Amino acid sequence: MGKSTRLAFGETIAQLGELYPQIVVLDADLSKSTMSNLFAKKFPDRFFEMGIQEANMIGISAGLALSGKVSYACSFACFIAGRYDTIRVSVAYNKANVRIIGTHAGIGIGEDGTTQMGLEDISLMRSLPNFSVCQPCDEIETRELIKYSVTHNGPMYIRLTRQNLDDIFDDNYKFEFGKGVQLSDGNDAVIFATGSLVSEALKASKILKQKGINLRVINIHTIKPIDKEIIIKSARECGLIFTAEDHNIIGGLGSAVAEVLSENYPAKIIRIGLPDVFGESGTPEALYKKYGFDAESLAVKIESSLKK
Amino acid sequence: MYTHKELQRIANELRIDIIKAISRAKSGHPGGSLSAIDIIVYLFFNEIKRTKENALDPDRDRFVLSKGHGVPALYSVFARLGLITNEELMNLRVLGSRTQGHPSYTDLPFVESSTGSLGQGLSVAIGIALAGKLDKKDYRVYCMIGDGEMQEGQIWEALLSAPKFNLDNLCVILDYNKSQIDGYVKDVMNLEPIKEKLIAFNWNVLEIDGHNFAEIEKAINQSKTIKQKPSFIIAHTVKGKGVSFMEDKVDWHGKAPNEKETELALQELKKLLDING
Ligand SMILES: Cc1ncc(C[n+]2csc(CCOP(=O)(O)OP(=O)(O)O)c2C)c(N)n1
């Protein structure tokens, strides 16, 4: 098991602080959880502890960005995406170089339950003009994405996990903004996955391989702007299409893929995500099992859909 | 009515339940549950007098825990009153249990509102108080907020609005334990001077020791005599109260004690029961 993507973020931003004096980081009483405290320790003058004031933090981040800084505003995904109109006007409409860092994505956080889970954040951020939406799937991809984010032009939403994730990439990995990444070959079915569900999808492909089913796994780290080409191509080449994300099935990756295909290559899509419910308390493992997010459940679902 | 001594005993017994439940769940928020429990016990046992029978009565007094992460304190009271079973209390945060990690109104309506995203419960409490005025009911609404929570902008919007509506049926209690997650409130985002701010906002303001039942009682009783104004009780408390190694320690905000720590905590709390009779 590798690191959580929030830890990879904290370590990377603390390193980048040396190279880029324009980086400023803000947090709202969760710096030990978002891991922005690693930056705070090294660069106390460029770290702003806001207390429990997410809206104010976002506004101040926008002001800093409009004055030449690149602001990283950090909190749990639910609380920060919850300050929507502030993000909409002060950040998106201003096209301010704010990086909204939303950690504790999905039901994968476990016991704390619904109010601490970011479950609708991709949907919300995706519908804001000027915004890019990214979700890395392991430590190295997070590191590369954060490096990229410093010089990106325009606001970004970056969604990170609380839980540790398997390592998928090595040091040779080249992050390309806006491009899907094919992780396994196969033409029987394709699954577009993002964030924590990428490694589950890869493990599912291994289970299925033993049964003679070749699953193509595609990691979508940039949900907006989405890689239309890889989606259309894979849909053409594979019979069955799945999407998988730890997020409400409404408005997230599944919707983004459906939008692309319905206009370009109409096909049936099976979306895996939270079925428009709020989540609940439980261990991360029990929750992933209950909602069909673990590798075994994914494999069963794909196999049974192929038989139909 | 319970004597102060009886209330103290109940609160300390519930401290034991809180530690047990969080320890079993292996996660949760002991610090802010232990700082809040004395006030919550006073309210439920001597003021709003919650019973199984009146728990959903439209005329009941309400208590909204705006600092929702302190919910083990509330569940421990619910279990004591028979609103939930002891097993449910001990199944805190378990998949399928009504005792969710933060208050869930749809799972357990006795919490009065889902909370856990800080800053929201006070506005909901004002709504409930306004409805009481509209419907000419004489129930009272109590709402507990955290000091870190008080940094939220929505809290200050709420503090502006309750006096405008002359909500003398509303009483807010600040669990002023001086501590949040990233450190002490005074360092993270200072709130002081609180009393002067609230007086300027047209509240009836009281200041007490939130672990002293005589002072809690006096303040609640005084708040009921004030007409046309909402009341705000600044209750000075100690985070982690009752467990020496948790007291005033920022680190005990949101983590469960391990087996050894649990044993130590329970020993101390049991000793408190012996001393206080
Ligand atoms: C809107 C929001 N932001 C952040 C959090 C995460 N969080 C949970 S508890 C807490 C600290 C609360 O401090 P305080 O209100 O003083 O509570 P207490 O010390 O009484 O436990 C934070 C930041 C949250 N629950 N809601």
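What counts and how
Residues numbered from 1 in each chain as written. Chains lettered and ligands numbered in written order. Predicted model: local features only at pLDDT ≥ 70, side-chain atom pairs only at ≥ 80, totals over all residues. Heavy atoms only, no water. Helix = DSSP H or I, 4+ residues; strand = E, 2+ residues; numbered from the N terminus. Rg over C-alpha atoms; globule rule 2.2 N^0.38 Å. Buried < 20%, exposed > 50% of the residue type's maximum accessible area, 1.4 Å probe, protein only. Contact = heavy atoms within 4.5 Å. Areas by Shrake-Rupley, 256 points an atom, 1.4 Å probe, with all protein chains shown as cover. Phe/Tyr/Trp six-rings, centres within 6.5 Å; stacked < 30°, edge-to-face > 60°. Lys NZ or Arg CZ within 6 Å of the ring centre and 35° of its normal. Pairing = 2+ DSSP bridges. Axes fitted to C-alpha atoms, helices over the stretch in contact; angles between N-to-C directions. Buried area = accessible area lost by both parts, 1.4 Å probe. Salt bridge = Lys/Arg side-chain N within 4 Å of Asp/Glu carboxyl O. Polar contact = N/O pair within 3.5 Å; in protein donor to acceptor, adjacent residues only side chain to side chain. Nonpolar A, V, L, I, M, F, W, Y, C, P; charged D, E, K, R; others polar. pLDDT = per-residue confidence, 0-100. Right-handed = clockwise from strand over helix to strand, strands pointing away.

Colleague: Outline the overall build of chain B, supporting the account with residue identities and numerical values.
Modeller: Helix and strand counts for chain B come out as 10 helices and 5 strands. Compactness check: chain B gives a C-alpha radius of gyration of 17 Å against a globular reference of 19 Å for 277 residues, within 12% of the reference. Along the first, second and third principal axes, the C-alpha set of chain B runs to 50 × 45 × 35 Å. Classification of the 277 residues of chain B by burial places 60% in the buried group. Pairs at least 24 apart in sequence give 75% of the contacts found in chain B among residues at least 6 apart. Accessible surface, chain B as shown: approximately 11000 Å² in total, 51% of it carbon and sulfur.

Colleague: Account for the packing of aromatic side chains, with residues named and values stated.
Modeller: This structure, assessed with the given rule, holds 15 aromatic pairs over all chains. Centre to centre, the rings of Phe9(A) and Tyr72(A) are 6.4 Å apart; their planes meet at 35 degrees, and the pair counts as tilted. Of the two residues, Phe9(A) sits in helix H1 (residues 5–19) while Tyr72(A) sits in strand E3 (residues 70–76), which places them 63 residues apart along the sequence. In this structure Tyr72(A) comes out as buried when scored by relative accessible area, which is 0%. Both rings, one in Tyr288(A) and one in Phe293(A), keep their centres 5.3 Å apart while their planes meet at 80 degrees; by these two values the pair is edge-to-face. In textbook terms, an aromatic cluster arises when at least three aromatic residues are bridged by ring pairs, as seen for Phe44(B), Phe63(B), Tyr75(B), Phe78(B) and Phe110(B). The ring of Tyr139(B) carries Arg62(B) above its face, with NZ or CZ at 4.0 Å from the centroid. The side chain of Lys255(B) reaches across the aromatic face of Trp252(B), ending 4.5 Å from its centre.

Colleague: Describe the sheet that holds strand E7 (residues 181–184) of chain A, listing the residues and the values that go with them.
Modeller: Residue and element names in this part refer to chain A. Ordered in space as E7-E9-E8-E11-E12, the 5 strands form an open sheet in which the pairing is mixed. Looking at which strands have only one partner, the edges of the open sheet turn out to be E7 and strand E12 (269–274). Within the sheet, the average angular offset between the axes of one strand and its neighbour, ignoring direction, is 25 degrees. Of the strand pairs in this sheet, E7 and strand E9 (residues 215–219) are connected by 3 bridges, and their pairing is antiparallel. Residue pairing in the sheet places Ser184 in a bridge with Val217 of E9. Sheet contacts for helix H13 (residues 295–307): strand E8 (189–193), E9, strand E11 (240–248) and E12; angle to E11, the most-contacted strand, approximately 150 degrees.

Colleague: I'd like to hear about the interface of chain B and chain A, residue by residue, with values.
Modeller: Contact with chain B, which involves 24 residues of that partner, is made by 22 residues of chain A. The junction of chain B with chain A conceals about 1900 Å² of combined surface from both sides, 46% of it contributed by carbon and sulfur atoms. Taken together, the connections running from chain B to chain A amount to 2 salt bridges. We note a salt bridge from Glu152(B) to Arg83(A), for which the minimum N-O separation is 3.3 Å. The interface formed by chain B and chain A contains 16 residue pairs in polar contact (both at pLDDT 80 or more). Broken down by class, the residue content of the side of chain B that touches chain A amounts to 7 nonpolar, 12 polar and 5 charged.

Colleague: How would you explain the confidence of the model for chain B if you had to name every residue and give the values?
Modeller: Residue and element names in this part refer to chain B. Summarising the model, chain B shows a mean pLDDT of 97, and 100% of its residues fall at 70 or more. Per-element confidence in chain B is highest for strand E5 (residues 231–236), whose mean pLDDT is 99, and lowest for helix H10 (residues 259–276), whose mean pLDDT is 94. Our summary of model confidence lists the complex with pTM equal to 0.97 and ipTM equal to 0.95.

Colleague: If you had to explain helix H8 (residues 139–151) of chain A to someone new, which residues and values would you point to?
Modeller: Looking at H8(A), one finds that the buried residues are Glu139(A), Ile140(A), Glu141(A), Thr142(A), Glu144(A), Leu145(A), Ile146(A), Ser149(A) and Val150(A). The distance from a side-chain oxygen at the start of H8(A) to the backbone nitrogen of Ile140(A) is 3.3 Å, and the residue carrying that oxygen is Asp138(A).

Colleague: So what's going on with the pairing of E5(B)? Which residues, and what values?
Modeller: Residue and element names in this part refer to chain B. In terms of residue burial, E5 counts as a mostly covered element, since 5 of its 6 residues are buried. Both strand E3 (residues 170–176) and E5 contribute to a ladder of 6 bridges, which runs parallel. For Leu174, the partnering residue across the bridge sits in E5 and is Ile234. Pairing of strand E4 (residues 204–209) with E5, which is carried by 6 bridges, proceeds in the parallel orientation. Its bridge partner lying in E5, Glu207 is registered against Ile234. At this point the chain moves from E4, through helix H9 (residues 213–225), to the parallel E5, and the crossover so formed is right-handed.

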